[in-house]
Amino acid sequence: MRGKVPRIMAKAKKNTKSGALFAHRPYWAQRFGTAPFLPMSRAEMDELGWDSCDIILVTGDAYVDHPSFGMAIIGRLLESQGFRVGIIAQPDWSSADAFKALGPPNLFWGVTAGNMDSMVNRYTADKKIRHNDSYTPNDEGGKRPDRSVVVYAQRCREAYKGVPVVIGGIEASLRRIAHYDYWSDKVRRSVLPDSKADILVYGNAERAIVDIAHRVAKGESPKDMHDIRGTAHMTDGAPDGYTVIDMTDLDLDNPHDKTDMDKTVVRLPSYEQVSADPVLYAQASRVLHQESNAGNARALIQRHGERDVWLTQPPIPLSTPEMDGVYGLPYARAPHPSYGDARIPAWEMIRFSVNIMRGCFGGCSFCSITEHEGRVIQNRSEESILKEIEDIRDKVEGFTGHISDLGGPTANMYRLACKDDEIQKVCRRPSCVYPDICKNLGTNHDPLIHLYQKAREIEGVKKIHIASGLRYDLAVKSPAYVKELVTHHVGGYLKIAPEHTEDGPLSKMMKPGIGTYDRFKQMFDQAAKQAGKEYYLIPYFIAAHPGTTDEDMMNLAIWLKRNKLRADQVQTFLPSPMSLSAAMYYSERNPIKPIHREGSEVVHTAKGLKQRRLHKAFLRYHDAENWPLLREALIKMGREDLIGPSKNNRVPAWQPKGTGGHKGGQTFYTQQAGEGRRPARPSKPTEGRGKPAEGRGKPADGRGKPTEGRGKPLGAKSSRKRPAKKR
């Protein structure tokens, strides 16, 4: 219901959920019951009978009470523990006044930038400011500050001095150590000392935040909580009894002894060292990613000035009963009523979708999902998922029978895991599927097929769509899954992400070769034909990723045209904080392999704006605005044979009137064009006209995957209706 918040509160029920996450004795304020929405004003607090909030969450997103939004999960989880939780969403950060709206919290502030890193949210890959924000009412930009966690934490301290500040969410998680910041083009300190927070929570935060809340309620300070997994705190060196492994030694490739991991800490090169030495930055990145398996990871420590940032071991993944408990909390499944009829695009995108799992073992080097959610897949039970579909049917306004997605970070990793728990605990591979699918990885898709079948049998459900990105290298292992997917769950297009066609960039991305895509496409087309459907694959590609040369992008453009594909929107590589690809971009070394002062693999990186635009132009070879830039590059590369009027050419020799910076039409003569022997005259590229707006794809939804870079078949229409046949 979008209107006034109902005064009636649900009676608090005895917590019967299984799992250690819900084993705490509820806080005394549980007597107030469950709020219809977590309050955003004093008036709502009065209606709930509260004189104060125990915990106040500050977020850079609009408050949508739905489990796809981090603040809703954390807020409802803390409420289930008996705490009174308030929300301050997208406050005016110009002063501390907006942070006083609910009064001082009794226990602590919880600060997050929202579902996205604020810099990724606010700026494009070309460092241009975005004018929209999918997590804001009416898609309005400018409602959150740069580096929101630092700004919000400062205002919280100004509003009420002495109240502890706990920071978390994707921004804090991915900036927990010294990290390269693309927008300032320098290495920045950990967000913990910059924000002056008492403690940082990284990764899946449920266990940590529940422990912190109960311990603060008992009088303990968050600054003194040094034993909670998945947290970071400031300290002065390693405690007595710890063995310190100093990884500033480039001849030491992170020795590992599992037997003493609880009393071993790995020292990363300091902030000052990684700021001055890109090779040591690559080393720090490599070690961080090696210490990511909760079964064998050790604590990390990194010097910042006169103090150290200490990262405890990664959080233990949630069990299926715990996942069911988290997703079964009493979400209103709607934006807060204070927004009225305002449209929130991120909510519109996921309002009829269901998240069935967390985590990703793909290990793609440009993606931050693994660093935030971990490699171990955390699954919900079939019963829990089907119940949520029924809740959507019965409770969500506007439901027409179509579930927009059953997925997660990937569409088809549900219940996939290592065949042996003991092997999984000691594994230190960065990916379970690269360079090949691990022999110890179970790839049985039967549980997912059964889930799809049960979901589409629910009364009132007309179609279950699968919109999450598909790991086609896993899908080819299960022809039955491909058949089920294509026959019942594709709505005209299916998006997959080969990312590139050339081995050079693919090896840096840790993605399979294009041959695997070809095998999946063959299976997809065959299944579509058997089902009597006309469906298309929508491949994603990345321009200017580290390890990509101009020739690689040219070959990708040749492949696109040969396969009659046109990319309507393209993604230029954006170095997200703490990713392996960002380390490659900054250091020009490959942290997937051992790092040495001499002999380490050097990674070619497109950093200049002109070269990055050229790589993007190759993806949109069909756009006349890009033709002058492409002609100039092809001539320099000695590939004039690709310029001309033939269908086998990639760029025409003529320029349409009003495009490419020319007021009138112009022909670019080459021998290959068959129009004389006059030298080609490349033109300077002109930005602006006809260039697709960046950052206007669908919003990121907590799954860490961008929605730009889609390629549509030639002749396919942009609507969701049945597309025209290929030319």
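Note that this is a predicted model, so its numbers are computed, not measured.

Draft legend 1. Expanded view of the packing of helix α15 (residues 446-455) against helix α17 (residues 479-488). Contact pair α15 / α17: the axes reach a minimum separation of 10 Å and the direction vectors enclose 20°. One finds that α15 runs roughly parallel with respect to α17. Judged by the twist between their axes, the crossing of α15 over α17 is left-handed. Note on element contacts: α17 touches α15 through Ala480, Tyr481 and Glu484, opposite Leu448, Ile449, Tyr452 and Gln453.

Draft legend 2. Examining the sheet that holds strand β8 (residues 199-201) more closely. Judged by pairing direction, the sheet is mixed, and its ten strands sit side by side in the order β3-β1-β4-β5-β8-β9-β13-β12-β11-β10 without closing on themselves. Edge positions in the sheet fall to β3 (85-89) and β10 (243-246), since each has one partner strand and no second. Taken pair by pair, the neighbouring strands of this sheet meet at an average axis angle of 25°, ignoring direction. The pairing of strand β9 (residues 231-235) with strand β13 (residues 307-311) spans four bridges and is classified as antiparallel. Looking across to β13, one finds that Thr235 is bridged to Asp308. Along the sheet face, helix α4 (residues 148-159) touches β1 (55-59), β4 (108-112) and β5 (165-167) and points at about 160° away from the line of β4.

Draft legend 3. View of the nonpolar core. In this structure, Ile389, Leu406 and Phe520 are the most contacted members of the largest nonpolar core, which totals 153 residues. In terms of residue count, the dominant contributor to this core is helix α20 (residues 550-562) (seven residues). Each residue touching Ile389, except ones within four places of it in the same chain, is listed here: Val354, Ile403, Leu406, Ala455, Ile458, Val461 and Ile464. Of all hydrophobic cores here, the second largest spans 43 residues; its members include Trp109, Tyr152, Leu192 and Leu300.

Draft legend 4. Focus on the environment of Thr112. Looking at the secondary structure, you find Thr112 in strand β4. When sequence neighbours within four positions are dropped, the list of residues in contact with Thr112 reads Val58, Thr59, Gly60, Val149, Tyr152, Gly168 and Gly169. Polar side-chain contacts of Thr112 include one of 3.0 Å to the backbone nitrogen of Gly114.

Draft legend 5. Structural context of the state of the cysteines. The tally for this structure, following the rule as stated, stands at zero disulfides. With no disulfide of its own, Cys432 has Cys427 as its nearest cysteine by sulfur position, at a separation of 5.9 Å.

Draft legend 6. Structural view of the sheet that holds strand β22 (residues 536-543). Strand order in this open sheet of three strands is β21-β22-β24, and the pairing throughout is parallel. In the strand order of this sheet, the two ends are held by β21 (493-499) and β24 (571-572), each with one partner. Relative to β22, β21 runs parallel, the two being bridged by five bridges. When the sheet's bridge partners are listed, Ile496 is paired in β22 with Pro539. Against the sheet, helix α22 (residues 609-619) contacts β22 and β24, and its axis sits at roughly 165° relative to β22.

Draft legend 7. Representation of the environment of Pro479 within the structure. Here Pro479 lies in helix α17. By relative accessible area, which is 54% here, Pro479 ends up exposed. Each C-alpha atom, one on Pro479 and one on His445, is 9.4 Å from the other, the two residues being 34 residues apart in sequence.

Draft legend 8. Quick peek at unusual backbone geometry. At the junction of Tyr434 and Pro435, the peptide bond is cis and its omega measures out at 5° in the coordinates. With respect to the secondary-structure elements, Pro435 resides in the loop between α14 (421-426) and α15. One non-glycine residue, Met578, lies in the positive phi region at around 75°. Mapping Met578 onto the fold places it in the loop between β24 and α21 (580-587). Relative accessible area serves as the criterion here: at 4%, Met578 is assigned to the buried category.

Draft legend 9. Quick look at the pairing of β13. Most of β13 is tucked away, with four of its five residues classed as buried. Bridge analysis of strand β12 (residues 299-304) against β13 gives five bridges, and the strand direction is antiparallel. When the bridges of β13 are listed, Gln302 appears paired with Val309.

Draft legend 10. A look at the side chain of Ser80. Inspection of the secondary structure assignment puts Ser80 in helix α2 (residues 70-80). A distance of 2.5 Å separates a polar side-chain atom of Ser80 from the backbone oxygen of Leu77.

Draft legend 11. Just the packing of aromatic side chains, in detail. Enumeration according to the criterion identifies 23 aromatic pairs in this entry. For the pair Phe69 and Tyr135, a centre-to-centre distance of 6.0 Å together with 75° between the ring planes defines the contact as edge-to-face. One end of the pair, Phe69, is in the loop between β2 (64-65) and α2; the other, Tyr135, is in the loop between α3 (118-122) and α4, with 66 residues separating them in the sequence. The residues Phe69 and Tyr135 share a single accessibility class, namely buried. Here Phe573 and Tyr585 contribute two aromatic rings whose centre-to-centre distance is 6.1 Å and whose plane-to-plane angle is 50°, an arrangement assigned as tilted. Taken together, the positions of Phe573 in the loop between β24 and α21 and Tyr585 in helix α21 put the pair twelve residues apart, joining distant regions of the chain.

Draft legend 12. Just the pattern of salt bridges, in detail. Under the criterion given, the structure shown has 40 salt bridges. The partner of Asp65 in a salt bridge is Arg76, and the shortest N-O contact between them spans 2.8 Å. Residue Asp65 is located in strand β2, and its partner Arg76 is located in helix α2; the two are separated by eleven residues in the primary sequence. What makes Arg76 buried here is its relative accessible area of 0%. Linking Arg303 and Asp308 is a salt bridge whose minimum nitrogen-to-oxygen distance equals 2.8 Å. A relative accessible area of 0% places Asp308 in the buried class.

Draft legend 13. Representation of the confidence of the model for the chain in the model. Per-residue confidence for the chain gives a mean pLDDT of 89; residues scoring 70 or more make up 88%. A low-confidence stretch, residues 1-18 stays under pLDDT 50, and its non-local contacts, those more than four residues away or across chains, total 34 contacts. Every residue in residues 662-727 is under pLDDT 50, and counting partners more than four places away or in other chains gives 185 contacts.

Draft legend 14. The packing of α17 against helix α19 (residues 514-530), seen in detail. Between α17 and α19, whose axes approach to 9 Å, the crossing angle comes to 50°. When the interaxial angle is binned, α17 and α19 end up oblique. With respect to the hand of their crossing, α17 and α19 are arranged in right-handed fashion. Between α17 and α19, the residues in contact are Pro479, Val482, Lys483 and Val486 and Phe520, Met523, Phe524, Ala527 and Ala528, respectively. In the contact of α17 with α19, the residues fall into eight nonpolar, no polar and one charged.

Draft legend 15. Up close: the pairing of strand β11 (residues 264-268). Burial of β11 is extensive: four of the five residues sit out of reach of the surface. As paired elements, β10 and β11 share four bridges and run parallel to each other. Paired with Thr243 across the strands is Thr264, a residue of β11. Of the pairings in the sheet, the one linking β11 to β12 comprises four bridges and is parallel in character. Residue pairing for β12: Arg267 is matched across the bridge by Ile301.

Draft legend 16. Here's a closer look at α19. Taking 1.5 Å of rise per residue, the 17 residues of α19 would be expected to cover 24 Å, and the 25 Å separating its terminal C-alpha atoms lies within 8% of that figure. Those residues of α19 not exposed but buried are Ile514, Thr516, Tyr517, Phe520, Phe524, Ala527 and Ala528. Each buried residue of α19 lies within a common arc of 135° when the element is viewed along its axis, so the set occupies one face. Looking at α19, the residues exposed on the side facing more than 90 degrees away from the buried face are Gln522, Lys529 and Gln530. At the C-terminal side of α19, Gly532 shows a positive phi close to 70°.

Parameters and conventions
Residues numbered from 1 in each chain as written. Predicted model: local features only at pLDDT ≥ 70, side-chain atom pairs only at ≥ 80, totals over all residues. Heavy atoms only, no water. Axes fitted to C-alpha atoms, helices over the stretch in contact; angles between N-to-C directions. Helix = DSSP H or I, 4+ residues; strand = E, 2+ residues; numbered from the N terminus. Parallel < 35°, antiparallel > 145°, perpendicular 65-115°, else oblique. Left-handed = near helix turned anticlockwise from the far one by under 90°. Contact = heavy atoms within 4.5 Å. Pairing = 2+ DSSP bridges. Core = buried A, V, L, I, M, F, W, Y, C linked by side-chain atoms within 4.5 Å. Buried < 20%, exposed > 50% of the residue type's maximum accessible area, 1.4 Å probe, protein only. Polar contact = N/O pair within 3.5 Å; in protein donor to acceptor, adjacent residues only side chain to side chain. Disulfide = S-S within 2.5 Å. Phe/Tyr/Trp six-rings, centres within 6.5 Å; stacked < 30°, edge-to-face > 60°. Salt bridge = Lys/Arg side-chain N within 4 Å of Asp/Glu carboxyl O. pLDDT = per-residue confidence, 0-100. Nonpolar A, V, L, I, M, F, W, Y, C, P; charged D, E, K, R; others polar. Expected span 1.5 Å × (residues − 1). Arc of directions from axis to C-beta.

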